[in-house]
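# Chains, contacts and geometry: an overview
Residues per chain, in single letters:
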Amino acid sequence: MDVLSALKYRRTATEWDVEKIPSKDLISKIIEAATWAPNHRRTEPWRFHVIAGKAREQLLRAIQDDYRVKGYAQEDITKEIAVIERKFYRSPLMIIVTQFSHDSDDSDRILEDYAACACAIQNLLLAAYAEELNTKWSTGKLVYEKGVFNFLGLGKNERIVGYIYMGYGKKDLNTEPQRRQPIINWYNFT
């Protein structure tokens, strides 16, 4: 598959065959493709946390524990965990991509490293598509979830950039893409 086709036809998935799990070798190959993303000063700020099987249960318990520490009512905990559980189990695996900042006082570098992680995720999504896997990049309030930070052992110089849900699809996503014409300003270009 050529890169332009992958860029044009890759779509966010909503359904996966949760019984069919991609191999560790395939996931490693896709993650390696992610690491070829541009990154200023070759900081390689990305970290990949592959979560599957019983690790999802452990991650949910870590979130529950954090909610209890924060003093949430049990009813609220139960409700919130049910929502998160549906997300965590919608695909056979998820990859949590985190950013490690080498210098927490340099805001320019932190921004550059965040952009590098976003580029790495785009590479990951395209590589997965080329291997006939479906993906969904998700953010939202889960990127701030303290229980997840605790589970992953993230430090003060780290943050979650996204949750990538991945697996073999239940349906073909190859629909004709729809996009508006880009806004292009040409300056002294003939």
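Sequence order as written defines residue numbering, which begins from 1 separately in each chain. Where local features are concerned, this predicted model is filtered to residues with pLDDT of at least 70; where side-chain atom pairs are given and counted, the filter is 80 or more; whole-chain, interface and lining totals use all residues. Each side-chain value is worked out from all heavy atoms of the structure, with water and hydrogens disregarded.

## Regarding the sheet that holds strand S2 (residues 93-100)
A sheet is described by the order of its strands in space; here four strands give the open sequence S1-S2-S4-S3, paired in antiparallel fashion. The strands lining the two open edges of the sheet, one partner per strand, are strand S1 (46-52) and strand S3 (134-138). Across the sheet, the mean angle separating the axes of adjacent strands is 25 degrees when strand polarity is ignored. Sheet topology note: the S3/strand S4 (residues 158-167) ladder contains five bridges and is antiparallel. Paired strands are those between which DSSP finds at least two bridges. A run of H or I in DSSP becomes a helix once it reaches four residues, and a run of E becomes a strand once it reaches two; helices and strands are each numbered from the N terminus. Each axis is a line fitted through C-alpha atoms, taken for helices only over the stretch in contact, and angles between the N-to-C directions span 0 to 180 degrees.

## Describing the packing of aromatic side chains
The description of an aromatic ring pair rests on the distance of the ring centres and on the angle between the ring planes. The pairing test for Phe, Tyr and Trp rings, Trp by its six-membered ring, is centres within 6.5 Å, and the orientation test on the planes gives stacked under 30 degrees, edge-to-face over 60, and tilted for anything in between. Per the stated rule, a full pass over the model turns up three aromatic pairs. Measuring from centroid to centroid gives 5.1 Å for Trp186 and Phe189, while their planes differ by 35 degrees, and the two rings are tilted. With relative accessibility at 57%, the residue Trp186 sits in the exposed group. The ring of Tyr168 has Lys20 sitting right over it, with the charged end atom 4.3 Å from the ring centre. Lying across the ring of Tyr165, Arg90 places its NZ or CZ 4.2 Å from the centre. Only protein chains enter the calculation, and the probe is 1.4 Å; a residue is then buried if its accessible area is under 20% of its type maximum, exposed if over 50%, and partly exposed in between. Ring-over charges, as used throughout, are those where CZ of Arg or NZ of Lys falls within 6 Å of the ring centre and within 35 degrees of the ring normal.

## A word on the environment of Gln178
Position of Gln178 relative to the elements: it lies in the segment after S4. Judged by relative accessible area, which is 65%, Gln178 ranks as exposed. Along the sequence, Gln178 and Lys8 sit 170 residues apart, while their C-alpha atoms lie 9.3 Å from each other.

## So, the layout of surface pockets
Grid spacing is 1 Å over the protein atoms alone, the probe is 1.4 Å, and a cavity is where that probe fits but cannot get out, while a pocket is an open set with protein on both sides within 12 Å along at least five of seven lines and lining residues have an atom within 4 Å of a point. Grid points are joined across faces, edges and corners, and a volume is the space filled by probe spheres set on the points. The computed volume of the second largest pocket comes to approximately 160 Å³. Of all the elements in the fold, those that place two or more residues in the lining of the second largest pocket are helix H1 (3-9) and helix H5 (107-130). Only Asp, Glu, Lys and Arg are considered charged in this grouping, and only Ala, Val, Leu, Ile, Met, Phe, Trp, Tyr, Cys and Pro are considered nonpolar; every other residue, Gly among them, is considered polar. Residues belonging to the lining of the second largest pocket are distributed by class as follows: three nonpolar, two polar and four charged.

## Digging into helix H4 (residues 74-88)
The length a helix should cover is 1.5 Å for every residue beyond the first. Compared with an ideal rise of 1.5 Å per residue, which puts 15 residues at 21 Å, H4 spans 20 Å between its outermost C-alpha atoms and is within 8% of the ideal. All buried positions along H4 are accounted for by Ile77, Ile81, Ile84 and Phe88. For H4, the angular spread of the buried residues around the axis is 65 degrees, confining them to a single face. Away from its buried face, by an angle of more than 90 degrees, H4 presents the exposed residues Glu75, Lys79 and Arg86. We call two residues contacting when some pair of their heavy atoms lies within 4.5 Å. On its buried side, H4 packs onto helix H3 (54-70), S2 and S4. Think of the arc as the fan of directions from the helix axis to the C-beta atoms.

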